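Commentary on secondary and tertiary structure
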2 protein chains.
Amino acid sequence: MDTSTVLIGVDWGGSNLRAFAIDARGRAGGQREIACPALSLAAGGHAAVLDRLIADWRRPGLPVLVCGMAGARNGWQEVAYCPCPADASALAAGLLPVAADIWLVPGVRYDAGTGIEVMRGEETQALGAAAAVDDIMLICPGTHSKWIHIENGQIRSFRSSITGELFDALWSRWLPLVGPAPAQTDWAAFERGLAAGHATPLLSALFSVRAGYATACLRPDEIHDYLSGLLIGAELAACDDMAAGRPRRIVGAAALSARYAHALALSGHRATRLDAAACVAQGLSSIWQGRR
Amino acid sequence: MDTSTVLIGVDWGGSNLRAFAIDARGRAGGQREIACPALSLAAGGHAAVLDRLIADWRRPGLPVLVCGMAGARNGWQEVAYCPCPADASALAAGLLPVAADIWLVPGVRYDAGTGIEVMRGEETQALGAAAAVDDIMLICPGTHSKWIHIENGQIRSFRSSITGELFDALWSRWLPLVGPAPAQTDWAAFERGLAAGHATPLLSALFSVRAGYATACLRPDEIHDYLSGLLIGAELAACDDMAAGRPRRIVGAAALSARYAHALALSGHRATRLDAAACVAQGLSSIWQGRR
């Protein structure tokens, strides 16, 4: 790590622990990653795991900022959610010190009227993604996808969909019946699923997998990508009203982001894909600079 | 079995094998049931299993009619679906002989415009349920719930929802996290779930379980019945337009039917609950009498 590092950034989520050496302009230099879910460690174990990953980077007075599920109940330590709307200063005010030079970033909570929304980690990506623009819809595909509206550096609202978790739950049931996913994405099957997910209430659309299998209208090897398209189509149908008139940005894993970009393109929307590490580094930098 | 039996009826579904001794008026007399999924037997095994259950009932010339998943691919033998609209005569015309005096009842297929719908077993319940009325909406809750419109003895249309399978898939994931279901139904939690399932797109409503858990707005022991209400609420929101102006009838397992009746009552609809065995017996009787 070179001497331009002013901040160590950490994104500790439900699967992986990632660390970045961040310079004064919010750019990620060195980057390290290990598989280590933030919620699977015994109480008190987080500091030692993190230290093993970045011990050679640390020096007294160099701040370490940790966002993600590490701040959840059953994580490193629970950090109170910051209410929405939230900007970098509001998140900075909620930083929770957990060790010398180490702070946890709060998640964000939003009362959507129909229910409570929460996120941990995506708020930091959102601040980074919006650093250079006025008003965007940030789409974060994943286990619990988020559509986040950010305007003038402020997270205004967001909506979550359980898309990825539902895919996992159903695919793990159906895999023994239909066999493994194809090696390459079957875009035709994906598009048929998209159409079904757009047109039909989700509980009925999901039955179309069973009906397609029973009537041989769907081949077993098409079901993986049909289901993927169906769920992404349902998410777009439920969320795309939030994006009206706003540029859409996608930040997430490459293969999954490509599916969302493809689905949006079919609806006539060009969505720019952003680098997740760059967004997190920029977001953590903004939060650190947002202290008063 | 007394001598008034004119037909042996069999409902062989995804979990159980049920047999009924049916009289000339379509009433079920003797009834026997064993756990035996129609799709889990090796090819050629069905006749022997059924014979063990009803050997003492059989006599030459006494017909045995089998409805349900026994007619599916991977069942006893695949029976071609009967197209919708379908009445007792149409189903009778599709009866498939599989052994001496034994026939399989075809399922029904419906092209709903947005996709193909199929059922095996519920068509027989529907004919039985509608035997005495002109025009009803029959609701069959279950793994794959069906809403069936029957008018003048004819199945006109139906819609399936994957409600029960989705409940199983999600509850089996969440059970280790939140602990077992309460011994008694928590109707308050069920009603909160109903409201969420009615008001919010399903992918977002399902995230409210995660958010409710993370914010302690939902207690772990409330999640089972909240999820049940949420999915049933989503099914009602998606299907209840089919029922407009028609009397609603429910046929299915007692505890699950009670949940649907409760949910419908909160929407201002009184739904009569029918006995499943009586409906199947009456339906098989109608089909047998529908031969030309």
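In this text, all values refer to a predicted model and were calculated from it rather than measured experimentally.

Each helix and strand counted, chain A has nine helices and 15 strands in total. Its C-alpha radius of gyration of 20 Å places chain A within 12% of the 19 Å reference for a compact globule of 292 residues. Judged by the C-alpha coordinates and their principal axes, chain A covers about 65 × 40 × 35 Å. Out of the 292 residues in chain A, the part that is buried amounts to 55%. Counting every atom, chain A has about 11600 Å² of accessible surface; 52% of that belongs to carbon and sulfur. Taken together, the 25 basic and 27 acidic charged side chains of chain A have centroids lying 2 Å from each other.

Membership of the largest hydrophobic core comes to 44 residues, with the highest contact counts inside it found for Leu166(A), Leu202(A), Leu206(A), Leu166(B), Leu202(B) and Leu206(B). Apart from the residues within four sequence positions on either side, Leu166(B) is in contact with Leu166(A), Leu170(A), Leu203(A), Leu206(A), Leu202(B) and Leu231(B).

In terms of domains, chain A is made up of domain 1 (5-134 + 276-289) and domain 2 (163-274). Just the C-alpha atoms count here: the centres of domain 1 of chain A and domain 2 of chain A sit 30 Å apart.

Moving on, we come to the interface of chain B and chain A. Accessible area lost during the coming together of the parts is what is often quoted as the interface size. At the interface, 42 residues of chain B touch 42 residues of chain A. Summing the contributions of chain B and of chain A, the shared interface buries around 3500 Å²; its carbon and sulfur component is 65%. In terms of surface lost to chain A, no three residues of chain B exceed Ile162(B), Leu203(B) and Phe207(B), which account for 21% of the buried area on that side. Glu165(A) is the salt-bridge partner of Arg210(B), the closest N and O atoms lying 2.8 Å from each other. On inspection of chain B and its partner chain A, the count reaches 14 residue pairs in polar contact (both at pLDDT 80 or more). When contributions to the side of chain B that touches chain A are tallied by element, the ones reaching two or more residues are β10 (116-119), β13 (154-161), α4 (163-178), α6 (202-214) and α7 (223-239) of chain B. In the side of chain B that touches chain A, the residues fall into 22 nonpolar, nine polar and 11 charged.

All names here are of chain B. Mapped onto the fold, His46 is located in helix α1 (residues 46-54). Among the residues examined, His46 registers a relative accessible area of 1% and is labelled buried. Sequence-wise, His46 and Leu170 are 124 residues apart; in three dimensions their C-alpha atoms are separated by 32 Å. Of note is the side chain of His46, whose polar atom sits 2.8 Å from the backbone oxygen of Ala38.

All names here are of chain A. By the definition in use, this model includes 30 salt bridges over all chains. Between Glu222 and Arg192 there is a salt bridge, with the nearest N and O atoms lying 3.6 Å from each other. Taken as a pair, Glu222 in the loop between α6 (202-214) and α7 (223-239) and Arg192 in helix α5 (residues 187-199) lie far apart in primary sequence, 30 residues in all. Each of Arg192, Arg219, Asp221 and Glu222 takes part in one network of salt bridges that share partners.

The next point concerns the packing of aromatic side chains. This structure, assessed with the given rule, holds 10 aromatic pairs over all chains. Where Trp187(A) meets Phe190(A), the ring centres are 5.3 Å apart and the plane angle is 85 degrees; that geometry is what we call edge-to-face. Residue Trp187(A) and its partner Phe190(A) are both found in helix α5; the two are separated by three residues, about one turn of the helix. When its relative accessible area of 31% is taken as the criterion, Trp187(A) is described as partly exposed. Relative accessible area serves as the criterion here: at 0%, Phe190(A) is assigned to the buried category. Ring geometry for Tyr110(B) versus Phe158(B): centroids 5.8 Å apart, planes at 40 degrees, classification tilted.

Criteria and cut-off values
Residues numbered from 1 in each chain as written. Chains lettered and ligands numbered in written order. Predicted model: local features only at pLDDT ≥ 70, side-chain atom pairs only at ≥ 80, totals over all residues. Heavy atoms only, no water. Helix = DSSP H or I, 4+ residues; strand = E, 2+ residues; numbered from the N terminus. Rg over C-alpha atoms; globule rule 2.2 N^0.38 Å. Buried < 20%, exposed > 50% of the residue type's maximum accessible area, 1.4 Å probe, protein only. Areas by Shrake-Rupley, 256 points an atom, 1.4 Å probe, with all protein chains shown as cover. Lys, Arg positive; Asp, Glu negative; His and termini not counted. Charge placed at Lys NZ, Arg CZ, Asp CG, Glu CD. Core = buried A, V, L, I, M, F, W, Y, C linked by side-chain atoms within 4.5 Å. Contact = heavy atoms within 4.5 Å. Domains from an automatic or database assignment. Buried area = accessible area lost by both parts, 1.4 Å probe. Salt bridge = Lys/Arg side-chain N within 4 Å of Asp/Glu carboxyl O. Polar contact = N/O pair within 3.5 Å; in protein donor to acceptor, adjacent residues only side chain to side chain. Nonpolar A, V, L, I, M, F, W, Y, C, P; charged D, E, K, R; others polar. Phe/Tyr/Trp six-rings, centres within 6.5 Å; stacked < 30°, edge-to-face > 60°.

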